[in-house]
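Okay, here's what each chain looks like letter by letter:
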Amino acid sequence: MPIVEAIIISVIAASTPLLLAAAGELVVERSGVLNLGVEGMMIMGAACGFAGAYLSGSTFVGALCGIAAGMALSFVFAVLTLGLAVNQVAAGLALTILGVGLSGLIGAGFVGQKITPAPHLYIPGLSDIPVVGKMLFAQDGFVYFSVVLVIGIWWFLYRTRGGLILRAVGDSHTSAHALGYPVLKIRLMAVLFGGGCAGLAGAFLPLAYTPFFIPGMTAGRGWIALALVVFSSWLPGRLVAGAYLFGAVSILQLHAQALGLGIPSQLMTSLPYLATVIVLVLISRGRGSTGSVAPASLGVVFVPDR
Amino acid sequence: MKRLLMTAAAAALALAATAFNASAADKLKVGFIYLGPVGDLGWTYMHEVARQALVKELGDKIETTYLENVNEGPDSERSIVQLARTGHQLIFTTSFGYMDPTVKVAKQFPKIKFEHATGYKRAPNLGTYSGRFYEGRYIQGVIAAKMSKTGTLGYIASFPIPEVISGINATMLGAQSVNPNIKVKIIWVNTWFDPGKEADAAKALADQGADVLMQHTDSPAAMQVAQQRGIYAFGQDSDMIKFGPKSQLTAIVNNWGPYYIKQTKAVLAGTWKSEDTWDGLKEKMVVMAPFTNMPDDVKKLAEKTEAGIVDGSIVPFKCPVLGQDGKPIECKGGTHLDAGQILGMNFYVKGVDDKFPSK
Amino acid sequence: MPLVLEKRAERSAFIAIASPVLAIALTLVTMSILLLALGKNPLMALYVYFVEPLTDPYSLMEIAVKASPLVMIAIGLSLCYLANVWNIGAEGQFIMGAVTGSYLAVVTNGSDVGHWLVIVMLIMGAIGGALWALIPAICRVRFGANEILTSLMLVYVADLIMDYLVRGPWRDPKGLNFPTTASFDPSATVPVILDGGRLHAGVIVTLAVVAVAAVMLGRTIKGFEIRVVGAAPRAARFAGFKSDRLVIFTFLISGALSGLAGIIEVAGPVGVLQPGISPGYGFTAIIVAFLGRLNPIGILIAGLFLALTFIGGEGAQISMKIPLDLTKVFQGVLLFYVLACDSLILYRIRLIGAQSKTA
């Protein structure tokens, strides 16, 4: 396999969990809710996803279990932050602690087991195109889904009435409420959607990436996903760019090390983080200092007055 | 009503507390401090397996406790003290980073016996123990050089500590004994534990032509990549054949159980002494998983190498050991490098094509 | 929705006291059910978690030691959050404070220069943390780059910088090339203030920081400015408060406090600079800040409370063999209840019947 092709395949695999989780969180934040519990929901998705796949023998069932686990955890978050108007930052962090603990308990019985990884799906016709075919059309289902998901989110946010309402809720919940939109209900939907995406992203790891479960195997990817949403300036297109930038630098630094360039490995390992910071500074700079582009109501508690 | 409840609660507490004390009185309590979760499938997992072996062997005479995920920074000293204060008479601290805290606590509790893994500071009530993992690496080098068609090995390294460096060097020396022109590509992932990243590194090495993978990280991710790519790999810490039935050539298995049993028996018998234990294949602290997926001649050679290391006819770091620049390393042990040189190894041997990470 | 929140016209003193009590009661019930399901004695477990650590001096001191960095970092973060500045990279500032403060300890090692050294180290640590925090501050003010991303990403970079230093230039020359600096000299160590434990002078510094923060926020123009800019940015602009300068100011203060906490940990309880000096203090402190309602006294209480659950969880692992993961679940549940009950102070919950369809 030519090396460039191999690198691109690795980059796509490395970027997919980040993209899945970040895409969900993007919708959540667009509705004005900041859920910092992505890491917790991801690791729960990983544990339950693996458990489901192991017990049922089906990757698909596993993926559904992962989604369900993420949604269940995000529902707890929604009850607290939407129903009881709890501070979102604190609740999100507490959610991560809870998720890490629960996943450890649930996953304990599955440590050391293995499953068949998600099959690579070949798309007749497309997969046979020279060079590009193998790179882009011989991935597992998660990868295709992540692309469909982001396109779907873009379409929803900018081409549907529902998306317009969701953005309106995120930008000014008081106005949206005044116009008669059910702010909390819309946010609940968004939070559940984000939880499902994070759960799926977590499930991707033990189902497709490294087909076994170990506690803590998400290794901080939920935090990176959160950062990528900020990086994207809450735009789906830029989110894809950010996730693939991060994935690409992560993979390329490994290849550079294998070539034996003699650069301190700590510097190489820090490159993905530095690259996102630098690129964010560069693109923000072009925009001028007109201020933040974050949804205006992001993280602000909303209690409807009647 | 309220008072009644309070009294009941108090009584239950008192009862619980006495029950707890009674069970503790007659058995020797043995404590363990773990770096990772018990289910990490790697370093901590093998200590936990050994603890279970200890319980199985001496279960009627001892009671064991472990604290998992103990951070090597500010928390570790407290965790060790908590074990010491709750009647544990023998405490194993199973990671290098616990060295100074263990020394401190050992000073405060002179009657309690401490055992610290992979460190070098001792006291009358503090012994150290570690495995000669490099012996297994040497065998892996021999096998790898035999099995590699491309002549390039891939090495996923965690952090540049002496144990990892000596592992790389021993692998190289073993491999060179078969094929002097063998090459090794090294990736430092700067983590012990991130399955995704370990898999990425394994893929990168395979993509660049390595067809035998070695790892000094904890998870079976690299083994699975090897299995998918149809190349070979070695397991780390435990036998990973399950994750690479067609790929695993062998694995270095950390076998702490016999040592834990021996030291616990010594404490029970009152014969425990502070010692520096550094055991390898001979004493079975390091064990090789079955040699699999290789032709018979390679298997024979591997077995011969293992037997040679056990009987002393093969010494991995036998002088002259040439440094990266081709000049011989000072030979402090007479005919081979001495313990300090191996335990504190800070150079690459000739043929390693990587810049030394921490000069 | 059958439940509806209604803003209270005025804060009820009764609820303010009843809310934490209710939260703890709910947690106890939840925990008891879980523990019963696992076959553990819930009363004893609750005793071990919440009461036992309060009954002996050593654990009490350890609670203070554990809470100290959490409170110090959270105070700085609370200023940021009050001003609507999203610094979530305190962990990185903590590490960089530890690194810059340790520089002097490393270069003067072995030459007992006098007790002024540790004071200079603390100052340097604070400066180091502040400078590291200045990077995201400038990125935001100058380039409009969102500080959530920049501050978080710099955590990883800080970690790798420390890693590079302790494995390379700052490594203990006598340490067999293990990744740690030499143990700090007594003159480079934060003194212990009570015998028999680890209670160190840094705890006093933390208390002083709490006091200063309480005065500053409540009684000074700067405190007023922070609160106004956070709560009503437009009004603040009319009042002539410059939000850019406030971003820099709050980042500098919180960076300095995180850095100070870092160097105090390293020069106090840990005693060396090595990987793993922080068990995630910079992230846990975010919870402490909000749990304490961004109020200095509240933060102090929240920090002590969280520290209690850590120490209690450790006790539960030892005496009842309750897995650490279960302790984490309890922590998460407890935090949820505390946060939820907190809402009762600001809102009252009303049940509305099905007939009034308002939600």
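Nothing here was measured: the structure is a model prediction, and the numbers come from that model.

### Points about the interface of chain A and chain C
Facing 41 residues of chain A, the contacting portion of chain C comprises 36 residues. Counting residues per element, the ones that place at least two in the side of chain A that touches chain C are α3 (59–83), α4 (88–107), α10 (221–231) and α12 (265–287) of chain A. Classifying every residue of the side of chain A that touches chain C by side-chain character gives 26 nonpolar, twelve polar and three charged.

### What to know about the sheet that holds strand β8 (residues 212–215) of chain B
Residue and element names in this part refer to chain B. Ordered in space as β7-β6-β8-β9-β10-β12, the six strands form an open sheet in which the pairing is mixed. Pairing within the sheet leaves two strands with one partner each, and these edge strands are β7 (183–188) and β12 (286–288). The sheet shows a mean angle of 15 degrees between the axes of neighbouring strands, direction not considered. Relative to β12, strand β10 (residues 248–254) is paired through three bridges, and the arrangement is antiparallel. Each residue of the ladder has a partner; that of N254, found in β12, is V286.

### A short note on the domain arrangement of chain B
Residue and element names in this part refer to chain B. Domain annotation of chain B identifies domain 1 (26–131) and domain 2 (133–252 + 284–311). Between the C-alpha centres of domain 1 and domain 2 the distance comes to 29 Å. Counting from both sides, the interface comprises eight residues of domain 1 and, opposite them, ten residues of domain 2. Residue contributions to the side of domain 1 that touches domain 2 peak at three residues, all from helix α2 (residues 43–58). When grouped by side-chain class, the residues that make up the side of domain 1 that touches domain 2 number four nonpolar, three polar and one charged.

### Structural notes on the interface of chain C and chain B
Contacts between chain C and chain B engage 33 residues on the former and 36 residues on the latter. Of all the elements in the fold, those that place two or more residues in the side of chain C that touches chain B are α2 (42–55), α3 (57–82), α6 (147–167), α10 (243–270) and α12 (296–320) of chain C. Counting residues per element, the side of chain C that touches chain B draws most heavily on α12 of chain C, which supplies five residues. For the side of chain C that touches chain B, the residue count by class is 15 nonpolar, eleven polar and seven charged.

### Topic: the sheet that holds strand β1 (residues 28–33) of chain B
Pairing between the strands of a sheet comes from backbone hydrogen bonds, and it takes one of two forms, parallel or antiparallel. Residue and element names in this part refer to chain B. The six strands lie next to each other as β2-β1-β3-β4-β5-β11, forming an open sheet whose pairing is parallel. At either end of the open sheet lies a strand with only one pairing partner, and these are β2 (62–67) and β11 (276–279). Neighbouring strand axes in the sheet, compared pairwise and without regard to direction, differ in orientation by 20 degrees on average. Bridge count between strand β5 (residues 126–131) and β11: four bridges; the pairing is parallel.

Rules of the game
Residues numbered from 1 in each chain as written. Chains lettered and ligands numbered in written order. Predicted model: local features only at pLDDT ≥ 70, side-chain atom pairs only at ≥ 80, totals over all residues. Contact = placed C-beta atoms within 7 Å. Helix = DSSP H or I, 4+ residues; strand = E, 2+ residues; numbered from the N terminus. Nonpolar A, V, L, I, M, F, W, Y, C, P; charged D, E, K, R; others polar. Pairing = 2+ DSSP bridges. Axes fitted to C-alpha atoms, helices over the stretch in contact; angles between N-to-C directions. Domains from an automatic or database assignment.

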